[in-house]
Amino acid sequence: MAVYSRIAGTGSGLPEKILTNKDLEQFVETSDEWIASRTGIRQRHVAAEGETTCDLAERAARAAMEAAGVTAAELDMIVVGTTTPDLIFPSTACLLQHRLGANGCAAFDVNAACSGFIYALSVADNFIRAGNAKTVLVVGAETLTRMLDWSDRNTCVLFGDGAGAVVLKADTEAGILSTHLHADGGKKELLYNPVGVSVGFKPEEKNAGVRVLMTGNEVFKHAVKALDAVVDETLEANGLQKSDLDWLIPHQANLRIIEATAKRLDMPMDRVIVTVHKHGNTSSGSVPLALDEAVRSGKIQRGQLLLLEAFGGGFTWGSALIRY
Ligand code: COA
């Protein structure tokens, strides 16, 4: 009998501190009107000093495990999508595993920038389908604001911090119907952070290069095109029509990108989960945060068909079609 992964529980972890567009106006040349009209963002959560990606991941993970009724001892694997790990190593997944008391199970990070959660979900789903894991914790967690240049208005207004998590359990009923992952490393310069281990940290220059570099309008165009293609691919792979979908749960980078995908799917915006106005772009955190909010608010019901998608640096992009 075929084995699928089902979402048994979801959770969120957001920092308490909120930075509004009005707050940003105080230290960078921008306006609430500009940010809101170009991106849909009104505010974002920002990690406090000393608060790390693993702190947010732990909060989201505990909430998801509680919702799923799963204990740490039951976890076979932890996969964390993140591009802002606490440390270079050990992975954030290993740090999280120890905090949860799940020592012994497999634990690793996946770095696919803003597509990190979709990539992590796909990896976990494939382990379950292959019969190599039964219960997997999947997290998307980021402290993107740690690598922002707060004087660069092109980027600092866009991002926020946060984490979302799901517990996947093996089941004979679907579950995750399919996942679709893509990347194009040829577009690196359009969205990247140039600092890294083997290229050198340049610690002598204050904040040297530790920042997101982005050509916003180019990223916008590529994102819309790639997401159009991947949602078509997902429906086609499952022999489904646009009208079969109940909810679109998109990556929360920009309301205009979200609206473009919804239009492609002929979906009215009241069937699209939108959190970008409250969270900004939380990279890997954005899709699971939106999913958790929609589940907890009662919007998403068991049995409904969900389309998750994301796009990010790399470029990377992907989707997951889920019978919730
Ligand atoms: N406040 C005020 N003005 C700003 C600004 C800000 N925060 N940021 C940029 N501007 C200015 C620019 O300097 C430019 O001015 P100029 O015409 O005098 O040079 C003007 O606004 C228009 O810039 P442009 O880049 O053409 O705007 P846009 O409509 O493309 O919107 C983004 C910019 C970044 C909001 C948009 O391109 C975007 O969201 N792209 C995708 C980014 C993304 O999602 N990245 C993450 C992917 S995971």
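All of these numbers come straight from a predicted model, not from anything done at the bench.

Asks: Would you mind going over the site of the ligand in detail, with residue names and values included?
Replies: Surveying the vicinity of the ligand reveals 22 residues, the closest of which are Thr 30, Arg 38, Arg 153, Gly 216 and Asn 254. Within the side chain of Arg 38, a nitrogen or oxygen atom sits 2.8 Å from an oxygen atom of the ligand. Looking at the shell around the ligand element by element, the count peaks at four residues for helix H7 (residues 216-237). A breakdown of the residues in the shell around the ligand according to their chemical character gives nine nonpolar, nine polar and four charged. Residues from two domains meet in the shell around the ligand; each of domain 1 (4-173) and domain 2 (178-323) gives at least three.

Asks: Run through unusual backbone geometry, naming residues and quoting values.
Replies: The linkage connecting Ala 174 with the following residue, Gly 175, adopts the cis geometry, with an omega of 0°. Locating Gly 175 in the fold gives a position in the loop between strand S7 (161-171) and strand S8 (176-183). With an omega of -15°, the peptide bond between Gly 314 and Phe 315 qualifies as cis. Relative to the helices and strands, Phe 315 resides in the loop between strand S12 (305-312) and strand S13 (316-323). The phi dihedral of Asp 266 falls on the positive side, at around 55°, and the residue is not glycine. In this fold, Asp 266 is placed in the loop between helix H8 (255-264) and helix H9 (276-279). Judged by its relative accessible area of 57%, Asp 266 is exposed.

Asks: Give a description of the sheet that holds strand S5 (residues 106-110) that names residues and reports values.
Replies: Strand order across the open sheet formed by five strands is S1-S7-S6-S4-S5, with mixed pairing between neighbours. Whereas interior strands pair on both sides, the edge strands pair on one side only; in this sheet they are strand S1 (4-13) and S5. Direction aside, neighbouring strands of the sheet carry axes that sit 20° apart on average. Pairing geometry for strand S6 (residues 135-143) and S7, over nine bridges, is antiparallel. Each bridged residue has a counterpart across the sheet, and for Glu 142 the counterpart in S7 is Gly 162. Along the sheet, helix H3 (residues 53-68) makes contact with S1, S6 and S7, crossing S1 at roughly 125°. Packing of helix H10 (residues 286-296) onto the sheet brings it into contact with S1, S6 and S7, and relative to S1 it is tilted by some 95°.

Asks: Can you break down helix H2 (residues 32-39) residue by residue, with the values?
Replies: For H2, the set of buried residues is Asp 32, Ile 35, Ala 36 and Thr 39. The buried residues of H2 all sit within an arc of 100° when viewed along its axis, so they share a single face. Looking at the buried residues of H2, the elements they touch are helix H1 (21-25), strand S3 (43-45), H8 and H9. Of the residues trailing H2, Gly 40 is marked for its positive phi of about 85°.

Asks: If you had to explain the nonpolar core to someone new, which residues and values would you point to?
Replies: Most often, soluble globular proteins have nonpolar side chains that are buried together. Residues Leu 245, Leu 265 and Phe 311 are the most contacted members of the largest nonpolar core, which totals 39 residues. Those elements giving two or more residues to this core turn out to be H7, H8, S12 and S13. For this core, the leading source of residues is H7, giving eight residues. Looking at this core, you find at least three residues from each of domain 1 (4-173) and domain 2 (178-323). Among all residues touching Phe 311, those that are not within four sequence positions of it are Cys 114, Ser 115, Val 219, His 222, Ala 223, Ala 226, Leu 227, His 251, Thr 316 and Trp 317. Counting 33 residues, the second largest nonpolar core, distinct from the first, contains Phe 117, Ile 128, Ile 249 and Ala 320.

Asks: Could you give an account of the packing of H3 against helix H4 (residues 92-100), with specific residues and numbers?
Replies: Interaxial distance between H3 and H4 falls to 10 Å at its minimum, and their mutual angle equals 55°. The angle between H3 and H4 places the two elements in the oblique class. The chirality of how H3 crosses H4 is right-handed. On H4, the residues touching Thr 53, Cys 54, Asp 55, Ala 57, Glu 58, Ala 61, Arg 62 and Met 65 of H3 are Thr 92, Leu 95, Leu 96, Arg 99 and Leu 100.

Definitions and cut-offs
- Residues numbered from 1 in each chain as written.
- Predicted model: local features only at pLDDT ≥ 70, side-chain atom pairs only at ≥ 80, totals over all residues.
- Heavy atoms only, no water.
- Near = heavy atom within 4 Å.
- Polar contact = N/O pair within 3.5 Å; in protein donor to acceptor, adjacent residues only side chain to side chain.
- Helix = DSSP H or I, 4+ residues; strand = E, 2+ residues; numbered from the N terminus.
- Nonpolar A, V, L, I, M, F, W, Y, C, P; charged D, E, K, R; others polar.
- Domains from an automatic or database assignment.
- Buried < 20%, exposed > 50% of the residue type's maximum accessible area, 1.4 Å probe, protein only.
- Pairing = 2+ DSSP bridges.
- Axes fitted to C-alpha atoms, helices over the stretch in contact; angles between N-to-C directions.
- Contact = heavy atoms within 4.5 Å.
- Arc of directions from axis to C-beta.
- Core = buried A, V, L, I, M, F, W, Y, C linked by side-chain atoms within 4.5 Å.
- Parallel < 35°, antiparallel > 145°, perpendicular 65-115°, else oblique.
- Left-handed = near helix turned anticlockwise from the far one by under 90°.

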